[in-house]
Amino acid sequence: MNVGPLHPPLPMTRRRLFAGAGLAVAAIALSKRTIAEAITEDDYRVLRARPGLAHLRGNNNSPTPIWGYDGISPGPTLRVKHGDELKVRLVNDLHQSTTVHWHGLRLPNSMDGVPHLTQAPIEPGLSFDYRFTPPDAGTFWYHTHFGSSEQLARGLYGVLIVDERKPIEVDRDLILVIDDWRLQDDGTIQPSFGNFHDAMMAGRLGQYVTVNSEETFNLAVRANERLRLRIVNTANSRIFLFRIARHSARVMAVDGQPCTPDFAPNGLLRLAPGNRIDLCLDATLEPGSRSPITVDDLRGSELEIGQLVYDAGRPIRNIPLKEPEPLPDNPLSANLDIANALQIDVPLDGGGMGMMMGGMGMGMMGRMHGGMRPGAFNGFGIPAQERIWALASVSATGHDGPPIFKAERGRTVVLNFFNRTAFPHAMHIHGHHFRHLNENGKSWKPFWLDTVVVDVQRAERVAFVADNPGRWMIHCHMIEHMATGMAAWFQVT
Ligand code: C2O
Ligand code: CU
């Protein structure tokens, strides 16, 4: 669906009309493409980063050349059982270097996929073996961490599911990957990756919103059916407000980690880039009903990106299922010692719109850090055109710069984010999940996150036990902000 900002949103009538049940399922069927199916002789699931085509504007329009894992976007869904090992051989068939980052996975540092910090970039024609046992069950995703403003925008991402040993009872388990694409009139991806204007402002926003790369996402359901929906925001920089109209959205997990099941207020789900939400959705309407699936258009209106389409036939069962059990807990370090925590202030500074209240104007940042040449690459393999943003008073310390803090293993860390800029930021840390603290700074919300939104002129505090040794990135997941300074690293010793 076209949502702007490049063009005014097109009228709803443009959406494909659909007739009958046959057309309706656009969700990725989870069960089929498993790792086991495509193993090589030496047991590795081979993933090829390569060009491909996607019908982002429907089948009646020319397809869009993309880059994807195995040439598709989203890439193949990788699926392992909790406790089993994941073995993926990434083969780079692009003409640029690349790496794969396993977003939200508390994995060994050497598998984290950050160029230079944790591994050498995988050059064109070469491969790299990723091998680890995911410690947590849940919904994760994998994506490029090299030249991300371009590579992520072109489609290099996929979903990784770690199945609970005892999953909750649902009729179907579906993935909804939301992305926005910036397309030109001929359907090709607009190539102004990482341009100064995007980087100064809200990042690269696309005008075309898709679910699972479908122009219109119509999901066939039967009355009284129960779905598990795993929603992932893979956009470079867009925050989505997502809603399925006339249904209560029971949130079961956030950022891959189980939470106390709860209904989202007004059914509205806010997903920043990188965020995941697992919903348990009961199809409570009458057979034959239809219900819009919407996202906001950033101007206060909701836009339909698809529908739940109820089968006209008998309900799947006469009585709806009873309330679901919570998902089983993951082995996270839950003993936060806030009183003795390492307290780290993380002011967020810079950007456009003249709100550099922290006295960190761009010129000053340039001077502080010697000002990297346009076109140069900093230590994370991201082009550093300009020093536009800063985090914790540094602007993109590369792998050869100092960490913004060091914590001994087992230490509780509290990060005090405060946003002194004119744009929201989605702050992500690698290798750990954190608690989102309440205003009192002592108690926390009943979920875990790996990416937290810090709104304009707001402070957010998060806490975690630094229990995973290594060199970990902390950055804004608005990719254009990350690539122009809002990125650093910390060390767990
Ligand atoms: Cu999903 Cu460093 O990112
Ligand atoms: Cu940001």
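If you're wondering where the values come from, they're calculated on a predicted model, not measured in any experiment.

What counts and how
Residues numbered from 1 in each chain as written. Chains lettered and ligands numbered in written order. Predicted model: local features only at pLDDT ≥ 70, side-chain atom pairs only at ≥ 80, totals over all residues. Heavy atoms only, no water. Helix = DSSP H or I, 4+ residues; strand = E, 2+ residues; numbered from the N terminus. Buried < 20%, exposed > 50% of the residue type's maximum accessible area, 1.4 Å probe, protein only. Contact = heavy atoms within 4.5 Å. Areas by Shrake-Rupley, 256 points an atom, 1.4 Å probe, with all protein chains shown as cover. Donors = N, O, S within 2.8 Å, 3.2 Å for Na, K, Ca; no water. Salt bridge = Lys/Arg side-chain N within 4 Å of Asp/Glu carboxyl O. Pairing = 2+ DSSP bridges. Axes fitted to C-alpha atoms, helices over the stretch in contact; angles between N-to-C directions. Phe/Tyr/Trp six-rings, centres within 6.5 Å; stacked < 30°, edge-to-face > 60°. Core = buried A, V, L, I, M, F, W, Y, C linked by side-chain atoms within 4.5 Å. 1 Å grid on protein atoms, 1.4 Å probe; cavity = no way out; pocket = protein on both sides within 12 Å on 5 of 7 lines; lining within 4 Å. Points joined across faces, edges and corners; volume = space filled by probe spheres on them. Nonpolar A, V, L, I, M, F, W, Y, C, P; charged D, E, K, R; others polar.

## Things to note about the overall build of the chain
In terms of regular secondary structure, the chain is built from 4 helices and 31 strands. When burial is assessed residue by residue, the chain has 61% of its 493 residues classed as buried. Intrachain contacts of the chain at a sequence separation of at least 6 include 76% that bridge at least 24 residues. Carbon and sulfur atoms make up 53% of the accessible area of the chain, which totals about 18,500 Å².

## Examining the coordination of the copper ion (ligand 2)
Coordination of the copper ion (ligand 2) by the protein comes from His425 (ND1), Cys476 (SG) and His481 (ND1), over a distance range of 2.0 to 2.1 Å. One chain supplies every donor for the copper ion (ligand 2), spaced along it as H-x50-C-x4-H. Linking His425 in strand 25 (residues 425–429) with Cys476 in strand 30 (residues 470–476), this pair joins segments that are 51 residues apart in sequence. Across the pair, Cys476 and His425 agree in class, each one buried.

## Observations concerning the pattern of salt bridges
All told, the structure shown has 30 salt bridges when counted by the stated rule. A salt bridge links Asp84 to Arg165; the nearest nitrogen and oxygen atoms lie 3.1 Å apart. Within this pair, whereas Asp84 is found in the loop between strand 4 (78–81) and strand 5 (86–92), its partner Arg165 is found in the loop between strand 9 (157–163) and strand 10 (172–181), the two being separated by 81 residues in sequence. The closest approach of N and O atoms between Glu85 and Arg131, which form a salt bridge, is 2.8 Å. In this pair, Glu85 is assigned in the loop between strand 4 and strand 5 and Arg131 in strand 7 (residues 127–132), connecting sequence segments 46 residues apart. Since its relative accessible area comes to 41%, Arg131 is described here as partly exposed. Shared partners join several salt bridges into a network, and the residues in it are Arg79, Asp163, Glu164, Asp173, Arg228, Arg230 and Asp278.

## Details of the sheet that holds strand 4
Strands sit in the order 4-9-8-6 across an open sheet of 4 strands; the sheet is mixed. In the strand order of this sheet, the two ends are held by strand 4 and strand 6 (100–103), each with one partner. Strand-to-strand twist in this sheet, taken as the mean axis angle between neighbours without regard to direction, amounts to 20 degrees.

## As for the packing of aromatic side chains
Evaluated as defined, the whole model comprises 9 aromatic pairs. Here the aromatic rings of Trp389 and Phe423 are separated by 6.3 Å at their centres, their planes lie at 80 degrees, and the arrangement is edge-to-face. You can see Trp389 sitting in strand 22 (residues 389–391) and its partner Phe423 sitting in the loop between strand 24 (412–419) and strand 25, a full 34 residues away along the chain. On the basis of relative accessible area, Phe423 is assigned to the buried category, the value being 10%.

## Some points on the environment of Ile175
Checked against the element boundaries, Ile175 lands in strand 10. Distance in space between the C-alpha atoms of Ile175 and Thr139 is 9.2 Å, their sequence separation being 36 residues.

## Some thoughts on the environment of Leu160
Its location among the elements puts Leu160 in strand 9. For the pair Leu160 and Arg79, spaced 81 residues apart in sequence, the C-alpha separation works out to 5.8 Å. Excluding its chain neighbours within four sequence positions, the residues that come into contact with Leu160 are Leu78, Leu86, Trp102, Leu105, Gly138, Thr139, Phe140, Trp141 and Tyr142.

## Re the pairing of strand 28 (residues 451–454)
In summary, the side chains of a regular strand alternate between the two faces of the sheet. By the alternation rule, side chains of strand 28 split into Thr451 and Val453 and Val452 and Val454, which are all buried. The pairing of strand 25 with strand 28 spans 4 bridges and is antiparallel. Looking across to strand 28, one finds that Ala426 is bridged to Val453.

## Observations regarding the nonpolar core
One finds Trp102, Leu229, Phe242, Leu415 and Phe417 to be the most contacted residues of the largest nonpolar core, which totals 96 residues. Among the elements that take part in this core, strand 21 (residues 342–350) stands out by supplying 4 residues, more than any other. Residue contacts for Phe417: discarding those within four places in its chain leaves Val346, Leu348, Met427, Val452, Val454, Arg458, Ala459, Glu460, Val462 and Ile474.

## Re the layout of surface pockets
In this structure, the largest pocket occupies an estimated 670 Å³ of space. As for the largest pocket, its lining consists of 24 residues, and the residues nearest its centre are Val254, Arg270, Ile277, Phe447 and Leu449. Among the secondary structure elements, those contributing two or more residues to the lining of the largest pocket are strand 15 (250–254), strand 16 (257–263), strand 17 (269–271), strand 18 (276–282), strand 27 (444–449) and strand 28. The element that contributes the greatest number of residues to the lining of the largest pocket is strand 16, accounting for 4 residues. Broken down by class, the residue content of the lining of the largest pocket amounts to 14 nonpolar, 4 polar and 6 charged.

## Re the environment of Val254
Looking at where Val254 falls in the secondary structure, it is placed in strand 15. Between the alpha carbons of Val254 and Arg276 there is a distance of 5.8 Å; along the sequence they are 22 residues apart. Here Val254 is in contact with Cys259, Arg276, Phe447, Trp448 and Leu449, once residues within four sequence places are set aside.

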